[in-house]
Amino acid sequence: MHLRFPDRLPEDLYRQVLEQVAEFSPVVQALPPTAALAELRGALRYHGVDAARLGEVLRVRTISRLGVDVRVGIGPSITVAATASSRITGPGGVLAIAPDRVADFLGPLPVEALHGIGPRQAQALHDYGVHRVGLLAAIPPATVQRLLGGRAARQAADWARGVDPRPVVPRTLPATASVSRTFPRHTLDGAAVRAAPLDMVVTLAHQLRRRDQAAQGLTLTLRFAGGTSWEKTRRLAEASAHDDDLRAMAYRLIDAAGLQRGRITAITLKGEDLIAADQVAEQISLDQAREARLVAEEVGDRIRAKFGPDAIRPANTLLRVF
C-alpha cells in the first residue's frame, strides 16, 4: 500500500498519520513528507478484509481523526501501488489494482506516469517514440538498455511489467509521539478544553506503550483563532507511559496556560525525549489505588488490541464531540 498526501505535511501531522497506518500493519516505511508505504499481506489475514476495504477504513480514520485525506494506492508491488496513488484525482481516494489487472492498468499510461521514471528517462523514451507504459513493456530489453543504459533500463523494463522485488523496509518512527484535537468551532468552553487532554492522554499513553516507549517530557500546544499559539514543555519526574503520570503533567500545563477568554481552535499534546520502556526503572509503590489503576490499564490495553484503539475511552469524553 502506498499513501500519498495532497500536500507536504507538518512533521507532527505526518507522524500522526504514520501512527494511524501502524494500527493496520506492523511494517510501515516512512517516506516523508509526502508519502508512506505499508506491507499488507499479514494485515489482510489479521483483519479479515480485502485490501481495498482496508484502504478505505484507513482513509476514513485519517480524515475523521486528523483532517488528512490521503490517496491510497494498492497493488502487488511498490511500483504498481505508488503509480496507482498518483493516478487518484482530487484530494484523496483509494485505487486497488489486482495482480491480474496490472497490465491493463499500466499499459495505457504515459511513461512519465510510471513511478520511478524521471523526466530525463521519459524524454529519452519519447524521443524514440515510446509514449505508453505498455509499449515500454513490449519492446526488447536490449532496446531499452540502449535508450536508458545499464541498471536504469533493467528497472524501467521490469517496472513497466509491474515487476518490482523491492520489499517495504520498516523505518523507525521519529522519537516523539503526539496527539491533536481540533475544535469544530472556536471554543470558549473551559470544561471542553479541560476534557480534551483527558482523552488525548489516554491515546498518547497507549501509543507509547504499544511502541514499548516512555516519554521524559510533555509539550502542550494551544492554537487560537487568529493564528496565534501558546506552547510549553515540562519534564516528567521520571520517564513514563502511564495514563496517570501523563494526565497529571498535562493538567499542570493547562493550568500554566492561564486560559480565560481565548478562543481555542486546536490542542496538541506531544511526548518528548522518548526512550525504550526497558530503560525505565520500576519503582516500588505503596499506593494501592495507583497499582489498581495500572492493572486496569493493562486490561484496557488488551481490550484495545483485540477490539481497536477506541474500544475504551474516558467516560466523561464519550458524550463530547471535539
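Residues numbered from 1 in each chain as written. Predicted model: local features only at pLDDT ≥ 70, side-chain atom pairs only at ≥ 80, totals over all residues. Heavy atoms only, no water.

## Description of unusual backbone geometry
Then, in step 1: Phi is positive for Asp212, close to 55°, though the residue is something other than glycine.
Then, in step 2: Of note, Asp212 is situated in the loop between α10 (190-210) and β7 (213-224). (Helix = DSSP H or I, 4+ residues; strand = E, 2+ residues; numbered from the N terminus.)

## Some remarks on the pairing of strand β9 (residues 264-272)
Within a regular strand, the side chains alternate between the two sheet faces.
Then, in step 1: Counting buried positions along β9 gives 9 out of 9 residues, so the element sits mostly inside the fold.
Then, in step 2: Bridge analysis of β7 against β9 gives 8 bridges, and the strand direction is antiparallel. The residue of β9 that forms the bridge with Thr219 is Lys270. (Buried < 20%, exposed > 50% of the residue type's maximum accessible area, 1.4 Å probe, protein only. Pairing = 2+ DSSP bridges.)

## Thoughts on a nonpolar patch on the surface
Then, in step 1: A cluster of nonpolar residues, Val295, Val299, Ile303 and Phe307, forms a patch on the protein surface that exposes about 350 Å² of accessible area.
Then, in step 2: Along the polypeptide, Val295 turns up in helix α12 (residues 288-307). (Patch = residues over 30% accessible without salt bridge, like charges linked within 9 Å, V, L, I, M, F, W, Y side chains within 5 Å. Areas by Shrake-Rupley, 256 points an atom, 1.4 Å probe, with all protein chains shown as cover. Salt bridge = Lys/Arg side-chain N within 4 Å of Asp/Glu carboxyl O.)

## Describing helix α8 (residues 141-148)
Then, in step 1: Among the residues of α8, those classed as buried are Thr143, Val144 and Leu148. Here the buried residues of α8 occupy an arc of 115° about the axis, which is enough to place them on one side.
Then, in step 2: Structurally, α8 contributes buried residues whose contacts are with α6 (119-127), α7 (133-138) and α9 (150-160).
Then, in step 3: Immediately beyond the C-terminal end of α8, within one or two residues, lies Gly149, with a positive phi of roughly 80°. (Arc of directions from axis to C-beta. Contact = heavy atoms within 4.5 Å.)

## Some thoughts on the side chain of Thr83
Then, in step 1: Within the secondary structure, Thr83 is located in helix α4 (residues 78-86).
Then, in step 2: Setting aside anything within four residues of it in sequence, one finds Thr83 in contact with Phe105, Leu106, Leu109, Ala113, Leu114 and His115.

## Things to note about the pattern of salt bridges
Then, in step 1: Taken as a whole, this structure holds 13 salt bridges when the rule is applied.
Then, in step 2: In this structure, the salt-bridge partner of Arg59 is Asp69, at a minimum N-O distance of 2.6 Å. With a gap of 10 residues between them, Arg59 in helix α3 (residues 51-66) and Asp69 in the loop between α3 and β4 (71-74) connect regions that are remote in the sequence.
Then, in step 3: Overall, the relative accessible area of 18% leaves Asp69 in the buried class.
Then, in step 4: For Asp244, the salt bridge goes to Arg247, with nearest N and O atoms at 3.0 Å. You can see Asp244 and its partner Arg247 sitting in helix α11 (residues 243-257), 3 residues apart, about one turn around the helix.
Then, in step 5: Arg247 gets classed as partly exposed once you look at its relative accessible area, which sits at 22%.
Then, in step 6: Here the salt bridges do not stand alone but share partners, grouping Glu19, Arg210 and Arg211 into one network.

## With respect to α11
Residue pairs three or four apart in sequence face the same way in an α-helix, which turns once every 3.6 residues.
Then, in step 1: Its 15 residues place the ends of α11 21 Å apart at the C-alpha level, agreeing with the 21 Å of an ideal helix rising 1.5 Å per residue.
Then, in step 2: Looking one or two residues beyond α11, the residue adopting positive phi is Gly258, at roughly 60°. (Expected span 1.5 Å × (residues − 1).)

## Some details on the nonpolar core
Then, in step 1: Residues Leu204, Leu208, Leu218, Leu220, Leu246, Ile267 and Leu269 are the most contacted members of the largest nonpolar core, which totals 30 residues.
Then, in step 2: Secondary structure elements with two or more residues in this core: β6 (177-187), α10, β7, β8 (229-240), α11 and β9.
Then, in step 3: The residues touching Leu220, leaving out its near neighbours within four places in the chain, are Trp230, Glu231, Lys232, Leu253, Ile254, Ile267, Thr268 and Leu269. (Core = buried A, V, L, I, M, F, W, Y, C linked by side-chain atoms within 4.5 Å.)

## Points about the sheet that holds strand β1 (residues 2-4)
Then, in step 1: Strands sit in the order β2-β3-β1-β4-β5 across an open sheet of 5 strands; the sheet is mixed. Two strands lie at the open edges of the sheet, namely β2 (28-31) and β5 (93-96), each paired on one side alone. For this sheet, the mean angle separating the axes of adjacent strands, direction not counted, is 15°.
Then, in step 2: Pairing analysis gives 4 bridges linking β4 to β5, with the strands arranged parallel. From the neighbouring strand, Gly73 faces β5, where its bridge partner is Leu95.
Then, in step 3: Helix α1 (residues 11-22) contacts β1, β2 and β3 (35-38) of the sheet and is inclined by roughly 160° relative to β2.
Then, in step 4: Here α3 sits on the sheet in contact with β1, β4 and β5, set at roughly 165° to β5. (Axes fitted to C-alpha atoms, helices over the stretch in contact; angles between N-to-C directions.)

Don't take any of this as a statement about function, it's just geometry.
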